[in-house]
Structure formats: structure tokens, C-alpha cells
Amino acid sequence: MAHVGRGEAGEEGGKGKLLLLALPLVLAAAGAGLWFSGILPDLLGMGAPAAADAAHGDGHAAAPAAGHGGTPAPPAAAAPRAPVFFDMPDIVANLSVTGRRASYVKLRSKLELSKAEDAAAIQAAMPRLQDLFTTYLREMRPEELRGSSGTQRLREELMARANLAVAPVRVTDVLFIELLLQ
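Residues numbered from 1 in each chain as written. Predicted model: local features only at pLDDT ≥ 70, side-chain atom pairs only at ≥ 80, totals over all residues. Heavy atoms only, no water.

(A) Structural view of the pattern of salt bridges. In the structure shown here, the tally under the stated rule is six salt bridges. As a salt-bridge pair, Arg141 and Glu143 come within 3.2 Å of each other at their nearest N and O atoms. Judged by its relative accessible area of 40%, Arg141 falls in the partly exposed class. Between Arg161 and Glu157 there is a salt bridge whose closest N-O contact spans 2.5 Å. Of this pair, Arg161 and Glu157 both sit in helix H6 (residues 147–165), separated by four residues, roughly a single helical turn. Overall, the relative accessible area of 23% leaves Arg161 in the partly exposed class. When its relative accessible area of 29% is taken as the criterion, Glu157 is described as partly exposed. (Salt bridge = Lys/Arg side-chain N within 4 Å of Asp/Glu carboxyl O. Buried < 20%, exposed > 50% of the residue type's maximum accessible area, 1.4 Å probe, protein only. Helix = DSSP H or I, 4+ residues; strand = E, 2+ residues; numbered from the N terminus.)

The following block contains the structure:
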């Protein structure tokens with residue numbers, strides 16, 4: 001009899017362990033389903049950020065249009081601004097190498113701006129931009145520029161330097177037109 005009682009307790013302990021493992025998995029699956037169906041972001045106030053920004057842009061809340069599920073229709077008047085591109089002069093810089101023959105980089109790029117009015121500020125800050133870009137390139141080693149991760153890292157660094165040089169103007173991207181290593 002003692003042996004049968006021990007088996008029943010083991011079964012109850014097994015069911016408890018199964019419940020402890022299954023319950024979080026079921027809750028996670030339900031949460032993921034609610035999130036990806038769009039129900040949870042709406043409940044948390046995270047749904048349709050573009051429509052919310054457009055509705056609050058003039059200080060008046062717009063009534064939701066009659067759409068599927070009561071979601072507001074996108075406003076027709078709020079067209080996104082076209083990006084503005086500013087040509088940077090070509091930059092040629094020697095890279096940091098030790099014990100080998102000299103290595104050079106040639107960079108031709110464009111800065112992406114959020115507003116056309118910012119082009120004058122970029123032009124005024126051009127000597128500073130060129131100095132920051134050239135100084136940064138001279139500190140790089142050729143192996144740091146190889147591959148897509150090196151190119152992405154260079155883009156991020158140049159964008160950070162550009163934003164420092166032209167603040168409060170905002171540079172949204174640095175586009176590489178030509179990037180040559182020799």
C-alpha cells in the first residue's frame with residue numbers, strides 16, 4: 001500500500017510540473033497571437049502611430065473614419081516629405097597602416113536631410129564636415145572598411161559626426177555613391 005501511495009504522489013507531482021511548464025507557454029502563445037493580430041498594441045495605445053501623429057499635428061483630434069474594426073483611415077492630406085540629398089565633395093584620405101605601403105580611401109557621398117531649408121546650413125558647415133570626415137577616415141585601418149558591417153559602421157560614424165557639426169539640422173542618412181580602397 002505504501003508503494004501505491006508513492007506512485008499517486010509522483011503522478012500528482014508530474015502533473016504540477018507539467019502545469020508549471022505549460023502555463024507560461026500557453027500565456028506566451030496567447031500574448032504573441034494578440035500582439036501579431038494587432039489587438040494588444042491597440043490596447044496598449046501603441047497602434048497606428050502615423051495616424052495619431054497626423055491627428056494631433058494641428059492640435060485637434062480627428063474623429064475616426066468609418067473603416068474596418070473602427071480603425072481610423074489614413075489622412076489624404078498628410079503626404080510624406082520627399083527626402084533632400086546634399087552632395088558632399090569627394091574626400092581622399094590615407095588610411096592608418098603600419099609597416100606596409102600607403103593605403104588610401106576615396107569617398108563620394110550624399111547627405112540625406114529631412115528638410116530642403118537645411119541645405120544652406122549644411123553648406124555653411126562644409127569645412128567642418130570635411131574636416132570631421134577626413135580625420136575619421138585617416139584613423140581607420142583598411143580591414144575595418146571591408147564587408148557590409150564595416151560599411152555600415154562607417155555610415156553610422158559619419159552620420160553621428162555630421163549631426164554634431166550641423167546641429168540643430170538633422171542629417172538622416174549618409175549615402176555612399178563611391179567608396180574605393182587602394
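Still to come is the rest of the account.
(B) Up close: the nonpolar core. Core analysis: the biggest nonpolar cluster contains 28 residues, and Leu111, Ile122 and Leu129 have the highest contact counts within it. Looking at this core, the elements with two or more residues in it are strand E1 (84–87), strand E2 (91–94), strand E3 (104–113), helix H5 (126–139), H6 and strand E4 (171–181). Top element by residues in this core is H5. It accounts for five residues. If we ignore the near neighbours within four places in the chain, the residues touching Leu111 are Val84, Phe85, Phe86, Met88, Ile122, Leu129, Phe133, Val171, Asp173 and Val174. (Core = buried A, V, L, I, M, F, W, Y, C linked by side-chain atoms within 4.5 Å. Contact = heavy atoms within 4.5 Å.)

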